[in-house]
Amino acid sequence: MDQTARTRIYDSFAAQSMMETLGAELLELSPGLVRVAAPILAGTRQQQGFGHAGLTFSIGDTAAGYAALSMLPLDQEVVTAEIKINLLAPARGERLVATGRVIKPGKRLCVVTSEVHAEADGVSTLIAILQGTMVPVPR
């Protein structure tokens, strides 16, 4: 992946006010794979004190979307057409890490997946799996 493609993704991520609000950061970027982390802040917890499913979904969708974008030409962006989530365990810990991957790249549709792990005391627990479709659109 050349520096222009990397810069495009880092700049796009920095422009997402939602990710800024969540305190999210882009940890890893390679063709077809993106890793995003976010702390479980007091304002992102649900009523029982776990990380909210909205936080889990937001970083999972974002990681999957940028994984798709990493496979596209520079004149294209992506939008989520559909994405589903299976919540597997409570989001216990200090932060969540989402790893987005491209399953099948395409000119009209990109099939993606994302796994979200909660990290607590050095232990990483799989808490959610997302699968969806990203649509390339003109930049």
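Thresholds applied
- Residues numbered from 1 in each chain as written.
- Predicted model: local features only at pLDDT ≥ 70, side-chain atom pairs only at ≥ 80, totals over all residues.
- Heavy atoms only, no water.
- Helix = DSSP H or I, 4+ residues; strand = E, 2+ residues; numbered from the N terminus.
- Buried < 20%, exposed > 50% of the residue type's maximum accessible area, 1.4 Å probe, protein only.
- Areas by Shrake-Rupley, 256 points an atom, 1.4 Å probe, with all protein chains shown as cover.
- Core = buried A, V, L, I, M, F, W, Y, C linked by side-chain atoms within 4.5 Å.
- Contact = heavy atoms within 4.5 Å.
- Salt bridge = Lys/Arg side-chain N within 4 Å of Asp/Glu carboxyl O.

## Comments concerning the overall build of the chain
Tallying secondary structure elements over the chain gives 3 helices and 6 strands in all. Secondary structure elements in the chain, listed N-terminal to C-terminal, are α-α-β-β-α-β-β-β-β. Its C-alpha atoms give the chain principal-axis dimensions of roughly 45 × 25 × 25 Å. Counting across all 139 residues of the chain, residues that qualify as buried make up 42%. A total accessible area of about 7100 Å² is found for the chain, and carbon and sulfur atoms account for 54% of it.

## With respect to the nonpolar core
Judged by nonpolar contacts, the single largest core of 34 residues is most densely connected at Ile59, Leu96, Val116 and Met134. The element contributing the most residues to this core is helix 3 (residues 53–69), with 8 residues. What Ile59 contacts, discounting residues up to four positions off in sequence, is Met19, Ala24, Val36, Ala38, Leu96, Val97, Ala98 and Val116.

## Comments concerning the pattern of salt bridges
If you walk through the whole model with that rule in mind, you get 3 salt bridges. A salt bridge links Glu28 to Arg35; the shortest N-O distance between them is 2.2 Å. Judged by relative accessible area, Glu28 falls into the partly exposed class, the value being 31%. Looking at Arg35, the relative accessible area reads 23%, which means it is partly exposed. A salt bridge links Arg95 to Glu119, with the nearest nitrogen and oxygen atoms 2.6 Å apart. One end of the pair, Arg95, is in strand 4 (residues 95–104); the other, Glu119, is in strand 5 (residues 110–120), and 24 residues separate them in sequence. Residue Arg95 is classed as partly exposed on the basis of its relative accessible area of 27%. What makes Glu119 partly exposed here is its relative accessible area of 25%.

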